[in-house]
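# An overview of the molecular structure
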Amino acid sequence: MSLDVSPQLLAEAENGEVREEDFVATVRASLPYAYDLVARLTAELQDGSAEFADNRTPPPSERERGQLLRALSSDAIRGCLERHFGVALAFQNCHRVAVFRPGARGGAVHSRFTSPRAQLLNQSPELRDC
């Protein structure tokens, strides 16, 4: 399961819309590695002048890798993280996540990062089964 959903939040979802902050709190509690990684990268982006901040360090275990994959493969979770942190996320492999300023989406640097060429150049035998 991707998220640990409280019975109260599940009941709210069954009865209508869920408040964004409640969903963010659930994502943060359920996927702490992914949440903290996006938070760290966002702080790096805001503190610097680079066009993006990215992670090149593999997660410490398969558990954390799974959290990251679940967070970025779900449109709802990924969108929630983007809105909450005010960034555009890009993802190349099982751990290379990048945060961009929202206005950078579709720009030259973002397009280069998300291009097939960049994807191919970012491959290695160690990442084959990640």
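In case you missed it, the structure is sitting above this.
Quick look at the overall build of the protein now. Broken down by element type, the protein carries seven helices and three strands. Counting from the amino terminus, the protein carries its helices and strands in the arrangement α-α-α-β-α-α-β-β-α-α. In summary, the protein has a C-alpha radius of gyration of 15 Å against a globular reference of 14 Å for 130 residues, a match within 12%. Expressed as lengths along the three principal axes of its C-alpha atoms, the size of the protein is roughly 45 × 35 × 25 Å. When each of the 130 residues of the protein is scored for burial, the buried share is 40%. Partitioning the intrachain contacts of the protein with sequence separation of at least 6 by distance along the chain shows that 59% fall at a separation of at least 24. Accessible surface computed for the protein: about 7700 Å², of which carbon and sulfur atoms make up 52%. Counting 15 positive and 18 negative side-chain charges, the protein places the centres of these two groups 8 Å from one another.

With that settled, the discussion passes to the packing of aromatic side chains. Under the criterion given, the structure shown has four aromatic pairs. Between phenylalanine 52 and phenylalanine 100, the aromatic rings sit 4.9 Å apart at their centres with planes inclined by 25°, giving stacked as the arrangement. Taken together, the positions of phenylalanine 52 in strand 1 (residues 52–54) and phenylalanine 100 in strand 3 (residues 97–100) put the pair 48 residues apart, joining distant regions of the chain. Judged by relative accessible area, phenylalanine 52 falls into the partly exposed class, the value being 23%. Taking relative accessible area as the criterion, phenylalanine 100 reaches 0% and is therefore assigned buried. In this structure an aromatic cluster arises from ring pairing among Phe52, Phe100 and Phe113.

Pairs can form between side chains of opposite charge whenever their charged atoms are close. Counting across every chain of the model gives eight salt bridges. The partner of arginine 83 in a salt bridge is glutamate 20, and the shortest N-O contact between them spans 3.0 Å. One end of the pair, arginine 83, is in helix 5 (residues 75–85); the other, glutamate 20, is in helix 2 (residues 20–30), with 63 residues separating them in the sequence. Residue class for arginine 83 comes out exposed when judged on its relative accessible area of 54%. Between glutamate 44 and arginine 40 there is a salt bridge, and its shortest N-O distance comes to 2.6 Å. You can see glutamate 44 and its partner arginine 40 sitting in helix 3 (residues 32–47), four residues apart, about one turn around the helix. Assessed through its relative accessible area of 38%, arginine 40 is described here as partly exposed. Each of Arg19, Glu21 and Asp22 takes part in salt bridges that share partners, so that together they form one network.

Definitions and limits used
- Residues numbered from 1 in each chain as written.
- Predicted model: local features only at pLDDT ≥ 70, side-chain atom pairs only at ≥ 80, totals over all residues.
- Heavy atoms only, no water.
- Helix = DSSP H or I, 4+ residues; strand = E, 2+ residues; numbered from the N terminus.
- Rg over C-alpha atoms; globule rule 2.2 N^0.38 Å.
- Buried < 20%, exposed > 50% of the residue type's maximum accessible area, 1.4 Å probe, protein only.
- Contact = heavy atoms within 4.5 Å.
- Areas by Shrake-Rupley, 256 points an atom, 1.4 Å probe, with all protein chains shown as cover.
- Lys, Arg positive; Asp, Glu negative; His and termini not counted.
- Charge placed at Lys NZ, Arg CZ, Asp CG, Glu CD.
- Phe/Tyr/Trp six-rings, centres within 6.5 Å; stacked < 30°, edge-to-face > 60°.
- Salt bridge = Lys/Arg side-chain N within 4 Å of Asp/Glu carboxyl O.

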